[in-house]
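Secondary and tertiary structure notes
Each chain is listed here by its residues.
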Amino acid sequence: MLVNSSLDEIKRRETALHYIADLVRENGREKLYDLTGLAGGFPLNQDDIDLLETYAGPALFQEDLDFWGRKHLGGEKVLALNRTSSGILATILALVKPGQEVVHYLPERPSHPSIPRSCQLIGASYRELAVGEELELREGTSLLVITGSTMDHQVLSQEDFKKAMGIAHQQEVPVLVDDASGARLRTVIYGQPRATDMGADLVITSTDKLMEGPRGGLMSGKTTLIDFVKDKAHQFGLEAQPPIMAAMVRALENYKPHHIKMAWERKDHLYTQLSRDCSGLEKTPTGVMLTPDAVMELVKAKTTLSPQDVSMLLAMLLLREENILTIPAVGMPGASATIRLDLASHDAKRLTDGDITRSLHRALETLSGMVDDLDSCRRLLYQ
Ligand SMILES: *Cc1c(COP(=O)(O)O)cnc(C)c1O
């Protein structure tokens, strides 16, 4: 195996960032096609820039963030965090004691690593249940985390949501909804209610997923719980700083669900084109994906590499040879190795479905030709 630890993933990510830096420096940003669906953006006004001070910034931005954040997520009070992962950690620090249990209910694995890792950090036990497995909470369960939409954009049905909320509330266990992408995917594509409207005590979303904001975590929920989380966030430096807060406000102001709906409509055409010679391709709400196992099936050569390895190699080839960026190239350690092409990405408008199809086929061919040469594979990942 080539990728064996989170340290390896950090190195793989550094290599990908070097490729991107070289490409953008030599050919300009428009040569890069970011199809991760999490390109973000930093939509500040000149007036905002003048207020990026330690105290004046948050004093003003917090009020706007309360307004726009409640509009987007519902709830009583809003808290901005450095990342969604930071918000999850702050919540577990605030609501769970060592020895207690966190249950995580999700539509499908893999789960985001921030939830089990936060539990491990504080010495809480962690139990993961996917749809189809029976959800029961125990005496020592002090938090239920429900994932609204996974890293691979698998969405929890409204029925399963309600059932899980019901069980938690009956046993007076607080519920945090990890709605990183779900706050938009669930509501815009599937017409589901906001998490707080279904009874979530806390909800968090990523302001760079399916919206043009900065990478950051926007949390809303019950005032008493938000205050506990805020207390921990400040103690450990997990809160968002003024520039992030300002950009979150502008991103929420500018947010338009329209391009998510357009991507939902476009993906069927891309799927039809690509799936002709790409068996194992699956649709996501706003694009298509190849799981690591599906990539493995498409490799036309014998290999000792793992499905994760080949998927990350394919992502690196797409980046280096085709200038197409996907998450397995730049993702944080533990992020899903699924190759997801997200048509809701800003750059998707500059590629035709034919362009994407040709690029993926070329990259798959190159991959098949190199998997038996471990040295080249290693160089591609770690330079
Ligand atoms: C993206 C994501 C996160 C974490 O977001 P970061 O910005 O990387 O902290 C957490 N949970 C889910 C389901 C996600 O998709």
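Placed above this text is the structure.
Report follows, based on the coordinates. The model shown is predicted, which means the values in this text are computed figures rather than measured ones.

1. Here we look at the packing of helix α12 (residues 307-322) against helix α14 (residues 353-370)
Between α12 and α14, whose axes approach to 9 Å, the crossing angle comes to 125 degrees. Classified by the angle their axes make, α12 and α14 are oblique. Along this stretch, α12 crosses α14, giving a crossing that reads as right-handed. Residues Val 310, Leu 313, Leu 314, Leu 317, Leu 318 and Glu 322 of α12 form the contact with α14, whose own contacting residues are Ser 359, Leu 360, Arg 362, Ala 363, Leu 364, Thr 366, Leu 367 and Met 370. A breakdown of the residues in the contact of α12 with α14 according to their chemical character gives ten nonpolar, two polar and two charged.

2. Looking at the pairing of strand β4 (residues 125-130)
Sheet topology places strand β3 (residues 101-106) next to β4; six bridges connect them, and they run parallel. Bridge pairing in β4 links Leu 106 to Ala 130. The handedness of the β3 to β4 crossover, carried by helix α5 (residues 114-122), is right-handed.

3. Structural notes on unusual backbone geometry
With an omega of 0 degrees, the peptide bond running from Arg 109 to Pro 110 counts as cis. Tracing the sequence through the fold places Pro 110 in the loop between β3 and α5. One non-glycine residue, Glu 172, adopts positive backbone phi at about 55 degrees. For Glu 172, the position within the fold is in the loop between α6 (158-170) and β6 (175-178). With a phi close to 55 degrees, Leu 210 is a non-glycine residue in the positive phi region.

Rules of the game
- Residues numbered from 1 in each chain as written.
- Predicted model: local features only at pLDDT ≥ 70, side-chain atom pairs only at ≥ 80, totals over all residues.
- Heavy atoms only, no water.
- Axes fitted to C-alpha atoms, helices over the stretch in contact; angles between N-to-C directions.
- Helix = DSSP H or I, 4+ residues; strand = E, 2+ residues; numbered from the N terminus.
- Parallel < 35°, antiparallel > 145°, perpendicular 65-115°, else oblique.
- Left-handed = near helix turned anticlockwise from the far one by under 90°.
- Contact = heavy atoms within 4.5 Å.
- Nonpolar A, V, L, I, M, F, W, Y, C, P; charged D, E, K, R; others polar.
- Pairing = 2+ DSSP bridges.
- Right-handed = clockwise from strand over helix to strand, strands pointing away.

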